[in-house]
Amino acid sequence: MKIMHEQVSFRGTNSFNIKWDDFPHFTFPWHFHTEYELVYVIKSFGKRFVADHVEDFHDGDLVLLGPNLPHFWKNDEVFFQNDPHYHVNAIVIHFPATFFKDQLENYPEFLPIRDLLSRASRGVSFQKQLANRLGPKLKKLLSTKGLKRTLLLLEILGKMAKTRQYKLLASESYRLNLDNWSTSRLDKIMHIINANYRQAIKLEQIASHIGMNTTAFCRYFKEKTGKSFIEFVNEMRIGYACKLLLEGTQSVSQICFESGFNNLSNFNRCFKKITSLSPVQYRNQFHQAHNHIQSNSPIQ
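Now for a description of the structure that goes with this document. Keep in mind the model is a prediction, meaning the values are calculated, not measured.

Things to note about the side chain of Asn234
Here Asn234 lies in helix H9 (residues 229–247). By relative accessible area, which is 14% here, Asn234 ends up buried. With near-sequence residues (within four places) excluded, Asn234 lies in contact with Phe261, Cys270 and Ile274.

What follows is the structure, given as structure tokens:
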């Protein structure tokens, strides 16, 4: 599956872009860009694809995406039947990866926003209650200019940073960055898992490598991640399997073994438990949505 690299340009001396979308249906296909993207859907519904995550979206959908995270929004079929009652209203904001970079790295009052942008590497979806509270401020951004506009965006990001009303979208394997792993115990564990999850990986070996017995390791890992070791590894394997399924170059059986599982029935069972779809349904759903959006609308 080819992915489009969208080139985002910033007009004049603006530090970020904001646009009001009012059209029959979402038009961009599967794509990524090097900028952060904040999408607030005021009116529309369908399916949202972010990396290896797929779920329904509705009015009030609010999502923050990090740089280089593949995504697209696919409207339901009714939006493609020229019915004027069904159309898209949304606010879309792009801002560069260097946005307030020095302040985010050096000033403590920016720490919550820095953490928010770090979480955005997996995509962050916010609960509708928060979206409703932030909606008027996001709409106000459309008419605000200059410094007031930038300060208002920072205020919005600050409120998003402090809420617990969110969930991460892409799987754990999209979040990890081995180029910047530190020497903490948890980072060492993540590094070992990420380097080995596509092959046989034994809990005892990892525990021994970091100087813990298996019981202490399991307790520590669950405390830090909220998941058991097996659950975490399987999620990473399924995340990788999702990538391979979207590429469409291997059979389900080949992907099963390539992603670290040693039998097909266990792979299918884990895949459905995590994604609520079978591997074939997952691939077909993505391809049908992507092909439909390409055949029914031009790229804008």
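So much for the structure itself; the text now carries on.
Details of the pairing of strand E9 (residues 88–95)
Extensive coverage of E9 is indicated by the burial of eight of its eight residues. Side-chain alternation along E9 places Val88, Ala90, Val92 and His94 on one buried face and Asn89, Ile91, Ile93 and Phe95 on a second face that is also buried. In this structure, strand E2 (residues 17–23) lies alongside E9, joined through seven bridges in antiparallel fashion. Within the sheet, the bridge partner assigned to Lys19 lies in E9 and is Val92. Bridge count for strand E4 (residues 36–43) against E9 is seven bridges, and the pairing is antiparallel. Within the sheet, the bridge partner assigned to Glu37 lies in E9 and is His94.

Some words on the packing of aromatic side chains
Enumeration according to the criterion identifies 21 aromatic pairs in this entry. Taking 6.2 Å as the distance between ring centres and 75 degrees as the angle between the ring planes, the aromatic pair formed by Phe23 and Phe26 counts as edge-to-face. Taking relative accessible area as the criterion, Phe26 reaches 8% and is therefore assigned buried. Taken together through their ring pairs, the aromatic side chains of Phe16, Tyr36, Phe95, Phe99, Phe100 and Phe110 make up a single cluster. Sitting over the ring of Phe16, Arg149 keeps its end group 4.4 Å from the ring centre. Stacked on the ring of Phe261, the Lys or Arg Arg237 has its end atom at 5.9 Å from the ring centre.

Things to note about the nonpolar core
Core analysis: the largest hydrophobic core is formed by 40 residues, its most contacted members being Ile189, Ile193, Ile206, Phe217, Phe229, Phe267 and Phe271. For this core, the secondary structure elements donating two or more residues are helix H6 (185–196), helix H7 (203–209), helix H8 (214–225), H9, helix H10 (252–258), helix H11 (264–275) and helix H12 (279–296). The element contributing the most residues to this core is H9, with 11 residues. When near neighbours in sequence (up to four residues on either side) are disregarded, Phe229 contacts Ile193, Ile201, Leu203, Ile206, Phe217 and Phe221. If you look at the next biggest cluster of nonpolar residues, it comprises 31 residues, including Phe16, Leu104, Leu138 and Leu141.

Some words on the pairing of strand E5 (residues 46–50)
Counting buried positions along E5 gives four out of five residues, so the element sits mostly inside the fold. One ladder, built from five bridges, connects E5 with strand E6 (residues 53–57); its direction is antiparallel. If you follow Lys47 over to E6, its bridge partner there is Asp56. Linkage of E5 to E6, two consecutive antiparallel strands, is achieved through a turn of two residues, within which Ala51 is found at a positive phi near 55 degrees. Looking at chain direction, E5 and strand E8 (residues 71–75) are connected through five bridges and run antiparallel. Looking at the pairing, Gly46 lines up with Asn75 of E8.

Quick word on helix H3 (residues 128–141)
The terminal C-alpha atoms of H3, which comprises 14 residues, lie 19 Å apart, in line with the 20 Å expected from a rise of 1.5 Å per residue. Along its length, H3 reaches its greatest deviation from straightness, about 40 degrees, at Leu134, and the proline Pro136 lies no more than four positions downstream. Buried residues of H3: Leu130, Ala131, Leu134, Gly135, Leu138 and Leu141, and no others. The secondary structure elements touched by the buried residues of H3 are E2, E4, strand E7 (61–65), E9, strand E10 (124–126) and helix H4 (146–162).

Here's the deal with unusual backbone geometry
Of note in the backbone geometry, Ala51 takes a positive phi value of approximately 55 degrees without being a glycine. Tracing the backbone shows Ala51 in the loop between E5 and E6. In this structure Ala51 comes out as buried when scored by relative accessible area, which is 2%. Located in the positive-phi region is Ser276, a residue other than glycine, with phi close to 65 degrees. Along the chain, the position of Ser276 falls in the loop between H11 and H12.

What counts and how
- Counting from 1, residues in each chain are numbered in the order their sequence is written.
- This being a predicted model, a pLDDT of at least 70 is required before a residue's local features are given, and a value of 80 or more before pairs of side-chain atoms are given or counted; all residues contribute to the totals for chains, interfaces and linings.
- As a rule here, side-chain values come from all non-hydrogen atoms in the structure, and water together with hydrogens is ignored.
- The way it works is that DSSP assigns letters per residue, a run of H or I at least four long becomes a helix, a run of E at least two long becomes a strand, and they are numbered from the N terminus.
- Exposure is judged per residue with a 1.4 Å probe applied to protein chains only, and the accessible area is read against the type maximum: over 50% gives exposed, under 20% gives buried, and values in between give partly exposed.
- Throughout, a residue-residue contact means that at least one pair of heavy atoms, one from each residue, lies within 4.5 Å.
- Two strands qualify as a pair provided DSSP detects at least 2 bridges between them.
- Pairs were defined over the aromatic rings of Phe, Tyr and Trp, the Trp ring being its six-membered one, requiring ring centres within 6.5 Å. Orientation was assigned from the angle between planes: stacked under 30 degrees, edge-to-face over 60, tilted for the rest.
- Comment: the charge-over-ring label is applied if NZ (Lys) or CZ (Arg) is within 6 Å of the ring centre and within 35 degrees of the ring normal.
- What we call a nonpolar core is a set of buried Ala, Val, Leu, Ile, Met, Phe, Trp, Tyr and Cys residues that are connected through their side-chain atoms within 4.5 Å.
- Take the number of residues in a helix, subtract one, and multiply by 1.5 Å to get its expected span.
- Bend, at a single residue, is the angle you get between axes fitted to the 7 residues ending at that residue and the 7 residues starting at it.

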